[in-house]
Amino acid sequence: MAGTVVVKETSDLLQEVYRNVRMASESILDLMPKVHSEKFKSDLTTQLSVYEAFASRAAKLLEQEGGRPDDGSAWTKVGAKWGIMMNLAKDATTEHMVQMMIEGTTMGVGELLRWIREGENKRVSEDALRLARDVCSYEEKTVEDLKEYLRA
């Protein structure tokens with residue numbers, strides 16, 4: 001269940017964007033050693049580079065706001081990594097990995113959309129909102145692209 005979204009200022013939204021894209025990057029890195037399909041590996045490498053670019057943009061905007069990026073608690077990261085490893089122990093097929101990516105990305109989009117709506121009702125900078133919207137658009141496109149693996 002998603003937590004309560006509280007956007008008080010621009011840096012709150014930027015922190016959430018940063019956490020979102022760092023979680024995506026780390027999940028991809030956790031999956032990579034198990035990926036056998038060269039095409040899927042190539043697609044994940046591209047996604048990783050896009051997520052890292054988003055993280056860099058978020059970090060830069062955060063620094064302009066006087067903040068520092070924080071990618072979340074160590075326990076959250078360990079939990080996510082453990083979940084991925086347990087899922088892959090049961091089924092390490094490309095189709096299963098794609099399904100995991102679709103589910104994780106869809107959850108990330110939903111959470112980020114809540115943050116965007118809240119940010120639109122506050123005095124959050126347009127640059128931060130634009131970045132958050134860019135991440136959502138990219139993730140929505142990524143989900144559609146990933147579905148192609150399930151149709152093959």
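Quick caveat: nothing in here was measured; it's all calculated off a predicted structure. (Residues numbered from 1 in each chain as written. Predicted model: local features only at pLDDT ≥ 70, side-chain atom pairs only at ≥ 80, totals over all residues. Heavy atoms only, no water.)

1. A word on a nonpolar patch on the surface
Formally: A patch consists of residues exposed above 30% relative accessible area that lack any salt bridge, with like charges linked at up to 9 Å and nonpolar side chains (Val, Leu, Ile, Met, Phe, Trp, Tyr) linked at up to 5 Å. All accessible-area figures derive from a Shrake-Rupley calculation using a 1.4 Å probe, and residue coverage is judged against the displayed protein chains alone. Counted as salt bridges are all cases of a side-chain nitrogen of Lys or Arg within 4 Å of a carboxyl oxygen of Asp or Glu. Secondary structure elements follow DSSP: runs of H or I no shorter than four residues count as helices, runs of E no shorter than two count as strands, and numbering proceeds from the N terminus.
Among the surface-exposed residues, Trp-82, Met-85 and Met-86 lie close enough to one another that they form a single nonpolar patch of about 340 Å² accessible area. Relative to the helices and strands, Met-86 is located in helix H3 (residues 74-90).

2. Regarding the packing of aromatic side chains
So the rule is basically this: Any Phe, Tyr or Trp ring, taking Trp's six-membered ring, that has another such ring centre within 6.5 Å forms a pair; planes under 30 degrees apart are called stacked, those over 60 apart edge-to-face, and the others tilted. Only protein chains enter the accessibility calculation, which uses a 1.4 Å probe. A residue is then buried if its area is under 20% of the maximum for its type, exposed if over 50%, and partly exposed in between.
For the coordinates displayed, the defined rule picks out three aromatic pairs. Where Tyr-51 meets Tyr-138, the ring centres are 5.6 Å apart and the plane angle is 85°; that geometry is what we call edge-to-face. Of this pair, Tyr-51 sits in helix H2 (residues 38-64) while Tyr-138 sits in helix H5 (residues 126-151); the two residues are 87 residues apart in sequence, bridging distant segments of the chain. The class for Tyr-51 is buried, based on a relative accessible area of 1%. Through a chain of ring-to-ring contacts, the aromatic side chains of Tyr-51, Phe-54 and Tyr-138 assemble into a single cluster.

3. Details of the confidence of the model for the protein
Stated formally: Every residue gets a pLDDT, meaning the predictor's confidence in that residue, from 0 to 100.
Summarising the model, the protein shows a mean pLDDT of 90, and 93% of its residues fall at 70 or more. For the protein, the element scoring lowest by mean pLDDT is H3, at 76; H2 scores highest, at 97.

4. Observations regarding the environment of Met-85
Locating Met-85 in the fold gives a position in helix H3. Between the C-alpha atoms of Met-85 and Arg-57, which are 28 residues apart in sequence, the distance is 30 Å.

5. A word on the packing of helix H1 (residues 10-31) against H5
Selection criterion: Lines fitted to C-alpha atoms define the axes, with helix axes restricted to the stretch in contact, and inter-axis angles between N-to-C directions lie between 0 and 180 degrees. For classification purposes, an angle smaller than 35 degrees is called roughly parallel, one larger than 145 roughly antiparallel, one from 65 to 115 roughly perpendicular, and anything else oblique. Crossing handedness follows the turn of the near helix against the far one: under a right angle anticlockwise gives a left-handed crossing, and clockwise gives a right-handed one. By the convention used here, residues are in contact when the closest approach between their heavy atoms is within 4.5 Å.
As a packed pair, H1 and H5 sit with axes 9 Å apart at the nearest point and diverge in direction by 25°. In terms of orientation, H1 lies roughly parallel with respect to H5. As H1 packs across H5, the resulting crossing turns out to be left-handed. Where H1 approaches H5, its residues Thr-10, Leu-13, Leu-14, Val-17, Asn-20 and Val-21 are matched on the opposing element by Ala-128, Leu-129, Leu-131, Ala-132, Val-135 and Glu-139.

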